[in-house]
Number of protein chains: 4
Amino acid sequence: MGMLNHPLDPGPTSAIERGPWHYGADYITVYFRGEQKSLKALVPRPFEVGDGLCMAYVCEIVSVSGSDPELVVSRPDRTLYFEAAVGVKCGFRGRQGVFFPVMWVTTEWSLLRGLLNGYQKRLADRISMTKLHPLNPGLKEVARGSRYGGFCVKGPGETLSLEVTVERQGVPSDLPSFGATFGMRRFPRTDDSQGSVGEPVEMVKSNSRVTDVWLGSGSLRTELDVGRIEPLSGAIYRSGFTISGSKALK
Amino acid sequence: MGMLNHPLDPGPTSAIERGPWHYGADYITVYFRGEQKSLKALVPRPFEVGDGLCMAYVCEIVSVSGSDPELVVSRPDRTLYFEAAVGVKCGFRGRQGVFFPVMWVTTEWSLLRGLLNGYQKRLADRISMTKLHPLNPGLKEVARGSRYGGFCVKGPGETLSLEVTVERQGVPSDLPSFGATFGMRRFPRTDDSQGSVGEPVEMVKSNSRVTDVWLGSGSLRTELDVGRIEPLSGAIYRSGFTISGSKALK
Amino acid sequence: MGMLNHPLDPGPTSAIERGPWHYGADYITVYFRGEQKSLKALVPRPFEVGDGLCMAYVCEIVSVSGSDPELVVSRPDRTLYFEAAVGVKCGFRGRQGVFFPVMWVTTEWSLLRGLLNGYQKRLADRISMTKLHPLNPGLKEVARGSRYGGFCVKGPGETLSLEVTVERQGVPSDLPSFGATFGMRRFPRTDDSQGSVGEPVEMVKSNSRVTDVWLGSGSLRTELDVGRIEPLSGAIYRSGFTISGSKALK
Amino acid sequence: MGMLNHPLDPGPTSAIERGPWHYGADYITVYFRGEQKSLKALVPRPFEVGDGLCMAYVCEIVSVSGSDPELVVSRPDRTLYFEAAVGVKCGFRGRQGVFFPVMWVTTEWSLLRGLLNGYQKRLADRISMTKLHPLNPGLKEVARGSRYGGFCVKGPGETLSLEVTVERQGVPSDLPSFGATFGMRRFPRTDDSQGSVGEPVEMVKSNSRVTDVWLGSGSLRTELDVGRIEPLSGAIYRSGFTISGSKALK
């Protein structure tokens, strides 16, 4: 390394590359209803919890920066991670969206990049999820009845585990819509002399595409207190998108 | 756990499930020529090193036991691993095959299952390899000029790293053929009073299929002393097969 | 690497160095009584479960081979590991000892070395345990009331967790005595043509020393089915010993 | 979790506990001289590189928050980590100190706590270092000639490795003095609408104690470009201190 970037200052020697950041992900998702009282303790102001609709997922992500997509070759460890998250439908001044109280990820760079953009990311010890392979003689292709599972471990136990049973093929519009993706950028003081940041944000997302949708039922467990869980449905799908940063919500 | 299997005694509470074991894998492979003198120090008798042809690969594997394929759902961590290996073409009584002096893997169960069948497996700290995603807006599909890379780390450094540049689509028969897969089952004594095993074997493999072949050039580095490396070609492909055990070669 | 050892064939390029193997370990141990019916399913013949006395511990181990103790400098990762285990008091032809149905360890080499000697080892994803530091301004030295805890995680959850509260300083003879250390060497067939090993053993242990004993109460949880757990006592201590191999019990 | 803290907002459900934070650490340190031109690219303004004196270390740390020291029992994984770092002597308005261009650590919480205070921390994949054990029959106590080593791995290779050979026992004042500990708090924008932080800081450190000092010679390798390395001396020692936050330097 020559001139050294601060770990949070996007650049070639930072933990975070310069945006925009491109994503391709395979999801196992469960939609559920939580309890408003519990959800309110998970979602900071100014976001307002909606009708209790939530989502939980585990996914595997291939992510590259527009500034250096060749890392998929030279440093594949900087382009692959797993993520597990719980999202709560909420609103901000009449605008609908989803706020993720926690997103667990498996790499440093996705952790820090997420925090810089306003995702409340934490580092997982392990995330594992069902992967099928078309040439494995002991496995079948996805079909009615196929099951998918995943879990996230941090410290002594699971933070999230979920399972989806596929019932039928679907289209992207079959998936519940949450609207915008909200977040919270925070960098608090550890001394009165310091500066700080604390601002609600909305992610600046583009290029969204969803394919390979399969729908069914789902179930989940999580250490996050979302109140009593009423599972609504489950889905698996692939998704791609670009994030260029996040916009402060005044 | 109720009745407890010994970790090496295949069964539901063992590190190893009962066979047959089914595999589906995505490979990045480099074919090369090593030096006979060096290769001879890597291949035990009764196997005889051939003309110096070798292969090195990194791959991601989805593996299930015929006795419990549902682990892909309930324990995906017991069905997914990465493998990096170096193989040397050799012969046994006129029969051609490949012997792998080392195979690094990322999970306990693939390590122990492999040792039981006669693969000289070691545990990697990390294996990472190029993965593309069709929906990632910053990545292109495989095509002429696409590059793939991978590396394996154990302890303080890399044990193997390789890179392949794709030149054209191919068919399975374009890949160099090595013949049988040889191995060495060993369980030595730590005291004269003990029993031991030491026998050359051939893997009992079936259901082999290969798809998605792309051919090109390749390069590699490895801590394994194979002599001077003359890269011959590179390839990416997917493969599926079943291993039911290994047969002792008398 | 030049001439390559098989991973299980002790030597400089193997996963296992040549014995004898020396150990220095810091233990957090809980003594408890389990239920005979459950314990019998965990202990293979010819060992006979005793009165239900068991032990569970987590420990950090510094281990070197007599053939290359300098690895503590050049490869410290090959000399340090954590271990968590459950041991059951049992007898063999009137000789008292302890059999460990499971020992979880954090490194490849302790896993394979243990299996070769006859310990039923498994790989842990993580073992963590209380460590105090005399210069940490926020911690106190061990004293009456000090508490110690530890846990072992494998896959989605804890396999073992325990806690000890110290009541008084003790001496080595205050610790319950279990006698010999028994084990089971197994290397089963995956095909009828193969050789196999299956023999009960006793570890050949010497140079045993115990210091820094503190005694008190303890509690534990484990996924291993030992029946209802009746905690008897807890202890922390340091121990050193040498293992040169294991002797087959005919 | 009930009311949820943002990962960077110190509190019981955050990645960071409330300060002050207490540390007890065992160090292997090499003092060396680097080249000014290289060092200047590693140290941001307003800090001014001194005469080229630098330090590099690996250490194991027991760290607790004043708000919940009992985590050493219930969550030991939240109180233990390894750290590897390179520090450069520099000045700020006539005040002497050390700035660490990079500190690699092995846990999320030490990573994020450090970033919040102004340390340029990165996550290591592995840090390993010599540890002796007084009861290990194959090891000797520290003495003239004892050697200690350590390394840090991130991605495909070592970021730092070092070795110290002990020549004599010393006292804390034998260790080169660097003065204050400087840092840089940064939380940049990913969009013009956002707030940001960028300020040089000095750590607020107290309760410093050093014991068990042994002095000798040392050597190191690092991926960090510090220019040609001229090793000056090596040391091992234990240290304890408290950090309550960091003070912005105006």
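Attention here is on the structure that accompanies the text. The written sequence of each chain sets the order in which its residues are numbered from 1. Think of it this way: whatever chain is written first is A, whatever ligand is written first is 1, and the rest follow in order. Only residues with pLDDT of 70 or above have their local features reported here, since the model is predicted, and side-chain atom pairs are shown and tallied only from 80 upward, although totals for entire chains, interfaces and linings are computed over all residues. Water and hydrogen atoms play no part in the side-chain values, which are based on all heavy atoms of the structure.

## Observations concerning the relation of the copies chain C and chain A
Superposing the two chain copies requires a rotation about an axis and a translation along that axis. Here the copies were fitted onto each other by least squares, based on C-alpha atoms from residues at pLDDT of at least 70 in both. Taken as rigid bodies, chain C and chain A are interconverted by a rotation of 180 degrees and an axial shift of 0.0 Å, the fit giving an RMSD of 0.0 Å. The superposition of one copy onto the other is thereby described by a two-fold rotation axis. Taking the C-alpha atom as reference, chain C places Gly157(C) closest to the rotation axis, 2.4 Å from it.

## A word on the interface of chain C and chain A
By definition in these notes, contact holds between two residues if any of their heavy atoms fall within 4.5 Å. Chain C puts eight residues into the contact, and the matching count from chain A is eight residues. For any pair of parts, buried area is found by adding up, for both, the accessible area (1.4 Å probe) each one loses once the two are put together. Of the roughly 570 Å² buried between chain C and chain A, counting both surfaces, carbon and sulfur atoms make up 54%. Any Lys or Arg side-chain nitrogen located within 4 Å of an Asp or Glu carboxyl oxygen qualifies as a salt bridge. In this structure, the connection of chain C to chain A is made through two salt bridges. Note that Arg126(A) is salt-bridged to Asp125(C), the shortest N-O span being 2.8 Å. The definition of a polar contact used here is a pair of N or O atoms within 3.5 Å, where within protein one atom must be able to donate a hydrogen and the other to accept one, and adjacent residues in sequence count solely through side-chain atom pairs. Where chain C packs against chain A, one counts two residue pairs in polar contact (both at pLDDT 80 or more). Put simply, Ala, Val, Leu, Ile, Met, Phe, Trp, Tyr, Cys and Pro go in the nonpolar bin, Asp, Glu, Lys and Arg in the charged bin, and everything else, Gly too, in the polar bin. Looking at the side of chain C that touches chain A, its residues break down into three nonpolar, two polar and three charged.

## Describing the pattern of salt bridges
Evaluated as defined, the whole model comprises 72 salt bridges over all chains. Among the salt bridges present, the one from Arg95(B) reaches Glu202(B), with a minimum N-O distance of 2.5 Å. Here Glu202(B) lies in strand β10 (residues 197-222) and Arg95(B) lies in strand β4 (residues 95-105), a separation of 107 residues in the sequence. Within the structure, one salt-bridge network assembled from shared partners comprises Glu60(A), Lys131(A), Glu60(B) and Lys131(B). To qualify as a helix, a DSSP run of H or I must reach at least 4 residues; to qualify as a strand, a run of E must reach at least 2; elements of each kind are numbered from the N terminus.

## A word on the interface of chain A and chain D
Residue-level contacts link 56 residues of chain A with 56 residues of chain D. Buried surface at the junction of chain A and chain D, both sides included, amounts to about 4,600 Å², of which 59% is carbon and sulfur. Put simply, chain A and chain D have six salt bridges between them. Between Glu108(D) and Lys154(A) there is a salt bridge, with its nearest N and O atoms 3.2 Å apart. Counting every contact that joins chain A to chain D gives 30 residue pairs in polar contact (both at pLDDT 80 or more). Contributing elements (two or more residues each) for the side of chain A that touches chain D: β4 (95-105), α3 (108-117), β5 (121-123), β9 (180-187), β10 (197-222) and β11 (230-248) of chain A.

## Here we look at the side chain of Ser128(C)
Turning to its location among the elements, Ser128(C) is positioned in strand β6 (residues 126-129). For Ser128(C), the side chain forms a polar contact with the main-chain nitrogen of Asp77(D), separated by 3.0 Å. Setting aside residues up to four positions removed in sequence, Ser128(C) forms contacts with Gly149(C), Gly150(C), Phe151(C), Pro76(D), Asp77(D) and Leu80(D).

## Considerations on the packing of aromatic side chains
A pair of Phe, Tyr and Trp rings is counted when the ring centres sit within 6.5 Å of each other, with Trp represented by its six-membered ring. The angle between the planes then sorts it: under 30 degrees is stacked, over 60 is edge-to-face, the rest tilted. Counted under the stated rule, the structure contains 42 aromatic pairs over all chains. By definition here, charges over rings are those cases where NZ of Lys or CZ of Arg is within 6 Å of the ring centre and within 35 degrees of the ring normal. Above the ring of Phe241(C), the side-chain terminus of Lys205(C) is found at 4.5 Å from the ring centroid.

## Details of the packing of α3(A) against helix α3 (residues 108-117) of chain D
It is the contact of α3(A) with α3(D), at a shortest axis distance of 12 Å, that shows an interaxial angle of 40 degrees. The angle between α3(A) and α3(D) falls in the class oblique. Crossing hand, α3(A) versus α3(D): right-handed. Together, Glu108(A), Leu111(A), Leu112(A) and Leu115(A) of α3(A) and Glu108(D), Leu111(D), Leu112(D) and Leu115(D) of α3(D) make up the contact between the two elements. Its residues assigned to classes, the contact of α3(A) with α3(D) shows six nonpolar, no polar and two charged. Under this scheme, a helix contributes an axis fitted over its contacting stretch, all axes are lines through C-alpha atoms, and angles between N-to-C directions fall in the 0 to 180 degree range. For classification, angles of less than 35 degrees are called roughly parallel, those exceeding 145 degrees roughly antiparallel, those between 65 and 115 degrees roughly perpendicular, and all remaining angles oblique. Crossings are assigned a handedness: left-handed for a near helix turned anticlockwise from the far helix by less than a right angle, right-handed for a clockwise turn.

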